[in-house]
Amino acid sequence: MNLKLKEKTRESLSAVLPIVGIVLAISIFLAPVELGAIVMFLTGAVMLIFGMGFFQLGAEISMTPLGEGIGSKVSKKQRINVILAIIFIMGVIITISEPDLQVMAQQVPSVPNSVLIIVVAAGVGIFLVLAVLRIFLQISLSTMLMILYMGLIIFSFFVPKDFIAVAFDSGGVTTGPMTVPFIMAMGIGLASARGDKNAVDDSFGLVSLSGIGPVLAVLILGCFYRPTGAEYSIGSVAEVITTRDVARVFFASLPVYLKEVLISLLPIAAVFIIFQAGSRYFKWRHVKRIIVGFLYTYIGLVLFLWGANIGFTPTGALLGSELASLDTEWMLVPIGMLIGYFIVKAEPAIQVLNRQVASVTNGTISINAMDRCLSTGVSVSVGLALLRVLTGIPIQWIIIPGYIAALILSKMVPKMFVGIAFDSGGVASGPMTTTFLLPLSIGVCEAVGGNILTDAFGVVALVALTPLVAVQIMGVIYRIKMRRMERDVKQEQLSDAEINDIYEFEEEQDDE
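On a predicted model such as this, the values are computed, not experimentally measured, just so you know.

Caption draft 1: View of the packing of aromatic side chains. Throughout the structure, instances matching the rule amount to eleven aromatic pairs. Centre to centre, the rings of Tyr149 and Tyr403 are 4.4 Å apart; their planes meet at 20°, and the pair counts as stacked. One end of the pair, Tyr149, is in helix H6 (residues 141–156); the other, Tyr403, is in helix H16 (residues 396–409), with 254 residues separating them in the sequence. Accessibility classification places Tyr149 together with Tyr403 in one group, the buried group. Here Phe251 and Trp306 contribute two aromatic rings whose centre-to-centre distance is 5.6 Å and whose plane-to-plane angle is 70°, an arrangement assigned as edge-to-face.

The following block contains the structure:
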């Protein structure tokens, strides 16, 4: 096995094992489930581990260089309208290719799948154009985010309440394993071509701004469509007795994921072919490497979605309903927080983000620090999501104060942390949130008799929100530490100057 692939698989193993341990502990001590369901879950977990390993390596050697290449090449063009047109088309293509969006579209009642996908993709394309304009014009990210999010919050009061949670969830599902590596790399390519001292700070923020577009697009869509009720349907855990039954269930669904991921990757592969044919940007050895990367990405996404949807999703819904039927249903909140703390580590795009952050900050923000910060934020968000399901608290009561706090913090931290924080929110709400946490929330909601559309939906939005606050709090701590270090250095320099003065005075005395 490729040494790099071994390394990525080990990282995936360490990320998935904690959530597997938690689920097993819950099934043994709190909510017993049939052995067949656990076997399906464990089989899905194995697929997730290998899928994440292949995907991370594939994204690293294909999506990242392709994104950086397009960003660098596009930024050298003189005609701004051509640049923006290319960026818009790229945003639409990448979004339509996002597997999470396909899953989300099937669950929103009263809106045709194609309509929702096209509207969301257009929203991403438009706001990706705005994000690129921000880099070229050097507009403050915190100012832009403040204006856009305040506009979203105000507009949400004029939209049917059944659409609010779905709208904010859509912003999370569009920043998944396909879009994040590509968009982040493109941002780095665009900013590096600019070449000034603020280029690194401005390389982040594309994911966060791109995630606003779908929210606004779905809110506008809510003015024209009236959902009549939730139609979210999660398949029950397949009944299996023997290992042959397990293999039969999984392999029966394999063609679906082979086709789904192929359709998702084909537009991006077409972009690569057109880009390379027109620019000759990559040398032949790099072309072969990117082709291998596409193959790894394909294998990884197939394994990931296959294992997650067949093994994880039904088990999540089953656990949610079983836990909600316990006498102490309030235990759901701390249990959900524990699951949230570890599940974010299993998000494929999280590792991509953490490595890029560590790279551009020269290790000042380590991978472990980002891991702890994001895990804490997602832990809080899952606890809040389950509290909402149990109490029926409107999502605006949490979303509005949360974004106000995040926007206030954006004026108090270094510019780089603003982009990292708002990007990390979109990255944290990836496939694991859609395929495990959302079904868990829906299972709980069904068991307590809540409204799935208003109460269960929204967990993706909350997972995308809390990292914004958590990472910027880390930025405040970072700024305080840097100021202390600067003060200590000045004091040391002052002490050295005083010592030199004393030496000079003694030398003068000796000369006299």
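Caption draft 2: Structural context of a nonpolar patch on the surface. On the surface, Met150, Ile404, Ile408 and Met412 cluster together into a nonpolar patch covering about 340 Å² of accessible area. Structurally, the position occupied by Met412 is in the loop between H16 and helix H17 (415–428). The exposure class assigned to Met412 is partly exposed, which follows from its relative accessible area of 43%.

Caption draft 3: Examining the packing of helix H11 (residues 243–279) against helix H12 (residues 284–324) more closely. Their axes nearest at 9 Å, the elements H11 and H12 cross at an angle of 150°. By the criterion of interaxial angle, the relationship of H11 to H12 is roughly antiparallel. Judged by the twist between their axes, the crossing of H11 over H12 is right-handed. In terms of residue class, the contact of H11 with H12 is built from 22 nonpolar, six polar and one charged.

Caption draft 4: Spotlight on the pattern of salt bridges. A complete count under the given rule lists three salt bridges for this structure. Residue Asp245 is joined to Arg248 by a salt bridge in which the shortest nitrogen-to-oxygen separation is 3.5 Å. Of the two residues, Asp245 and Arg248 are both situated in helix H11; the distance of three residues between them amounts to about one turn of the helix. One continuous salt-bridge network, built from bridges that share partners, spans Lys4, Lys8 and Glu60.

Quick notes on the rules
- Residues numbered from 1 in each chain as written.
- Predicted model: local features only at pLDDT ≥ 70, side-chain atom pairs only at ≥ 80, totals over all residues.
- Heavy atoms only, no water.
- Phe/Tyr/Trp six-rings, centres within 6.5 Å; stacked < 30°, edge-to-face > 60°.
- Helix = DSSP H or I, 4+ residues; strand = E, 2+ residues; numbered from the N terminus.
- Buried < 20%, exposed > 50% of the residue type's maximum accessible area, 1.4 Å probe, protein only.
- Patch = residues over 30% accessible without salt bridge, like charges linked within 9 Å, V, L, I, M, F, W, Y side chains within 5 Å.
- Areas by Shrake-Rupley, 256 points an atom, 1.4 Å probe, with all protein chains shown as cover.
- Salt bridge = Lys/Arg side-chain N within 4 Å of Asp/Glu carboxyl O.
- Axes fitted to C-alpha atoms, helices over the stretch in contact; angles between N-to-C directions.
- Parallel < 35°, antiparallel > 145°, perpendicular 65-115°, else oblique.
- Left-handed = near helix turned anticlockwise from the far one by under 90°.
- Nonpolar A, V, L, I, M, F, W, Y, C, P; charged D, E, K, R; others polar.

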